Amino acid sequence: MHPHLHEFALRWKSLFRRRRMEREMAEELEFHQAMLREKLLREGVPQTEVNTMTRRTFGDARRWRERLIELWQFRALENFRRDVSFSARLLKKSPGFTAVALVTLTIAIGATTSIFSLINGLLLRPLPVPHADQLAVVHSDRSDYDAFGYSFCAPFFRALEKRHQAFQDVAAFTNSTMQVRSSSGSVEVPGAIVSGQFFRALETPPLLGRYLTPRDDQPGGGPGGFGVVISESFWRTWFNKAPDVVGQKIIIANAPFTVVGVMPKRFIGADPTHRPEIYVPLWAEPVIDAPYNNIAGGYHAWWLAIIARRNRGVSLEQANAALKTDSNPILEEAIPDAQWIKDAQTHHFEFVAESGSNGFSYLRSRFRKPLVAVFTFCTVMLLLACLNLASLLMARAAARERELATRLAFGATRRRLIQQLLVESLLIAVMGTATGIAVSPILSRSLAALLLGHSHNTFLDTSLDLRMFLFAATIAAVAAVLVGLIPALRATSKNLSDQIKDGSHATSARQRRRLLPRALMGLEVALALMLVVGAGLLATSLVRLYRTGLGFDPKGVVNLELRMDKQSLDGNALLRWYQKFGDSLAHEPGVKSVSFDAVTPLSGSTTTITYHTLSNKRERTLYMNTVAPEYFRTMRIPMLEGRDFRWNDTSASGNKIILNRTAAKMLFPGQNAVGQHVAGWPKGSQLEVIAVVGDVRYASIKKGAPAGAYMPITQSEQKKASYTAVVRIDGPPAPLASAARELAARMAPDIPSPVMTTMSGDLDASISSERMMAMLSVFFAGCALFITAIGLYGTLAYATARRTSEIGIRMALGAQRVQVVGLIFRENAWVAAGGLLAGLVAALLASRALASFLYGTSPRDPWVMTISALALGTVATTASLIPAIRAALIEPITAIRHE
Amino acid sequence: MIREENGPSGDLIQGTLEMLILRALMGGPMHGYGVAEWIHQTSQQVLKVEEGALYPALHRLELRGLLRAEWGASENNRRAKFYELTAQGKKRLHAESQRWEKLSAAIALVMQAS
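The notes below deal with the structure included here. Keep in mind that this is a model prediction, so the values were computed, not measured. (Residues numbered from 1 in each chain as written. Chains lettered and ligands numbered in written order. Predicted model: local features only at pLDDT ≥ 70, side-chain atom pairs only at ≥ 80, totals over all residues. Heavy atoms only, no water.)

**Examining the packing of helix α11 (residues 316-334) of chain A against helix α12 (residues 338-346) of chain A**
Residues and elements named next belong to chain A.
Okay, so step 1: Contact pair α11 / α12: the axes reach a minimum separation of 9 Å and the direction vectors enclose 160 degrees. Here α11 is positioned roughly antiparallel relative to α12, judged by the angle of their axes. The handedness of the crossing between α11 and α12 is right-handed. Here Asn328, Leu331 and Glu332 of α11 come into contact with α12, specifically with Trp340, Ile341, Ala344 and Gln345.
Okay, so step 2: Residue classes in the contact of α11 with α12 are distributed as four nonpolar, two polar and one charged. (Axes fitted to C-alpha atoms, helices over the stretch in contact; angles between N-to-C directions. Helix = DSSP H or I, 4+ residues; strand = E, 2+ residues; numbered from the N terminus. Parallel < 35°, antiparallel > 145°, perpendicular 65-115°, else oblique. Left-handed = near helix turned anticlockwise from the far one by under 90°. Contact = heavy atoms within 4.5 Å. Nonpolar A, V, L, I, M, F, W, Y, C, P; charged D, E, K, R; others polar.)

**Topic: the pairing of strand β11 (residues 557-561) of chain A**
All names here are of chain A.
Okay, so step 1: Taking burial as the measure, the five residues of β11 include four buried ones, the bulk of the element.
Okay, so step 2: Bridging between β11 and strand β20 (residues 724-729) involves five bridges; their strand directions are antiparallel. By the bridge assignment, Val557 is partnered in β20 with Arg728.
Okay, so step 3: In terms of strand pairing, β11 meets strand β21 (residues 755-758) through four bridges, oriented antiparallel. In the sheet register, Asn559 faces β21, and the bridge partner there is Thr757. (Buried < 20%, exposed > 50% of the residue type's maximum accessible area, 1.4 Å probe, protein only. Pairing = 2+ DSSP bridges.)

**Quick word on the nonpolar core**
Residues and elements named next belong to chain A.
Okay, so step 1: Counting 109 residues, the largest nonpolar core has Leu371, Ile637, Tyr710 and Met772 as the members making the most contacts within it.
Okay, so step 2: Considering every element that reaches this core, the biggest residue donor is helix α13 (residues 363-399), with 18 residues.
Okay, so step 3: Residues contacting Ile637, with those up to four places away along its chain left out, are Gly551, Phe552, Tyr631, Phe632, Val693, Gly694, Val696 and Tyr710.
Okay, so step 4: In terms of nonpolar packing, the next biggest core, distinct from the first, is built from 57 residues, Phe157, Ala172, Val228 and Phe351 among them. (Core = buried A, V, L, I, M, F, W, Y, C linked by side-chain atoms within 4.5 Å.)

**Observations concerning the interface of chain A and chain B**
Okay, so step 1: Across the contact, 25 residues belong to chain A and 26 residues belong to chain B.
Okay, so step 2: Interface of chain A and chain B: buried area, both sides summed, is about 2400 Å²; carbon and sulfur atoms make up 61% of it.
Okay, so step 3: Sorting the residues of chain A by area buried against chain B places A:Glu28, A:Phe31 and A:His32 first, and these three jointly supply 27% of that buried surface.
Okay, so step 4: Measuring nitrogen to oxygen at the nearest pair gives 3.9 Å for the salt bridge that ties B:Lys81 to A:Glu28.
Okay, so step 5: Counting the contacts that link chain A with chain B gives 10 residue pairs in polar contact (both at pLDDT 80 or more). (Buried area = accessible area lost by both parts, 1.4 Å probe. Salt bridge = Lys/Arg side-chain N within 4 Å of Asp/Glu carboxyl O. Polar contact = N/O pair within 3.5 Å; in protein donor to acceptor, adjacent residues only side chain to side chain.)

**Side note on the side chain of A:Glu28**
Okay, so step 1: Locating A:Glu28 in the fold gives a position in helix α2 (residues 18-42).
Okay, so step 2: Exposure remark for A:Glu28: the relative accessible area of 3% places this residue in the buried category.
Okay, so step 3: The residues contacting A:Glu28, other than those within four sequence positions of it, are B:Tyr55, B:His59, B:Trp71, B:Lys81 and B:Tyr83.

Have a look at this one:
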């Protein structure tokens, strides 16, 4: 063995056998002394003198032992241990500083790790499948669309599935909520509709049975009908882990499916934000989605996400090259519409593969930017906390100059001192990180809940993993260096005699004027201002979003989502059911009015139809909703002219339509719309405009109200239409929820229990990322103000404490108290003013990055800028005035005696 | 570190002590006291190894893998730590004694110069 390695191994072993080693060393020396004693006795030395003589020749056994122990230790490790205990003692001695350090770091690190865990769960963590790095997600690209198209129609996918130049397997999937028949009615279970190669592409062996293969993905399924694969948790909760589950039938959407296999717990499919319990073959989609049929929808239905596994040894570039050459043949094979193909070709339509190691989720496009923005906030906040601690440490180190100088004089090397000071900051950083990590799971879970709202089937896995620990460790190390290095370098840089001469007393002006601590504090003020401005902008934007006129009154409205697509009633019978259900609901206590709609405003889903007038054939796109009578009263949408729908407004009595103000103006400029007719859909029929109502924000709260129209549900041709009951209530919604569930169970035992949400809650959920950003940034801004105040106060207080005698002398020589206040206050005033100015410039430059998140607010909003600067200025002034006033209250005599 | 008994004080270099220890152990395993005694006797009471230097040197050699230590019974039946040369230790002793021969011859040449 290499001598150094041998030495290391022995030392390493000795670390763990310390007690035994020390005992053996003592024994070895003891033996030597005993032998010496015997020798002396043999040589005739009298018994009485033997001991003294031994001691004289041998010296102090304890000292030799110490030297031996030292020999066996790791020098660095031992030093580190000593530094840690020394630093811990120091920190314990200044509990105020330690508390501030811990609280600020905990907030900053806790927030940063929480946001990182969201980013990790949504964007970074690879799918828990073998060789995830070979996976690719396919999207289509064309020059006339900004966004990449991650949705595919079935014909595209089927054409792509057949081509295997670059890919071993190509699979399509979509998330779907499935109605599973249980002993107590239908239950909604999150599931996925997957193509034949899905499981093969993900390479995860099943726990029981087999997984779905291309032979299951046929029209009508295999010989025994459609097979399904279930998750481990579904197996546990529905089958109580029965070992004979394979072969059993479950009823999904009123159709029998045979369980062919159970997937292990770790398998989550290809979407990291969903946890499907049931996987059904793609060809079963018409059954699952009945009465709809996306497969029959052909190239009009874009509903599939595509994930593929590359052939071994095929790079992403090679896969892309193969996809590019395939794009045109696939286009021609899949699309029966020559005009469509031509259009796509002129816009350079092509398939593109990107890395799919972490699967695919639609949530990514929605949350990536807000999360990255918030992460930036956190980083600034962390930097601010570190700078603040660095400033405080520096001020404190100045008070410790004498101690350090003495240690240097006793022969400690500068490196050794820096090491000790860094250990101190490392200790703070590690403790801050530990508490930060301790709070982060709660924080990240509540943030995830805030972001996802009540879209109950989505899931953000924020659990800790190796990546999180590496991140936290990096943060701790960076924080320790940021906090400790500059103060340590500075504290040990001065020449020795200077230090001892100056001591801790009246410091020379030259020293006070040092730029570095002021620059740090100034930077801190600047960063704080940036955070405050960012928070101000986001909060203003959010308030404006809430204040914006929606066109309806969401307060007191609850939505009750009814899934009627799988029960037995249809047509007129179903309509009568709705009417009866509405009447019964209206009799519940606290209910003021009830109606139904097909599209809940601001839910994100939209339906558009083009209409024209009889005199003008120009097609106009209208945003449609299908509603029941009483809708406008329930939603408090003003009825400007005409009359509401009635339950007897059926097609037989002539088709009716209600326009909103914008649509009426667009279609019938300068005329009275009521009584006029429009045409377009249903094809070949004319619809009479019976009313004009107020405009309503439709697709998104951020977009203005579009031209829109309403059709009565009594006119709908859909066989098993699902509507949402819209209920205006007085008082809390909770009692209604259980009443409505009971009512639904009594009146329609087959349907899944209806989910109730409040309109205001839906509204919050529709702008969840804006809410998260505003809430977090305001919180950070508050913290930033607080931290900056502590920093300004702390550094000034330290500096002033060291000038006590100087101030005493000044006052003894006739300086007024006001002058003293001015003298001390000036120190910080310059720092704060400089920081504010720099921060304002930086905020003006950086706030543009927020522009895409802002609603009705300019990123350079002068009010926000001014108020932020004023707020920070006030905080800085207060924080600096306290030490200044305290200094002015010094009694000259005591101050000078204090020397 | 090592001084000549009754001679003018002055330490010999540390390397020499290590060489002497290695040489002492050439005859077989010995405990620390034995090593000190052997050097003392063999040098005809000229060299006396101080305990404060002996044990750190022994432990250093052990750490470096030149010696191997084992606990055993001493001649008067007490538990004692015995040191033994390793193969590396033997190699090192060989190299050191060659170096020493050269060095002492050189010193002799200088001292005997007329």
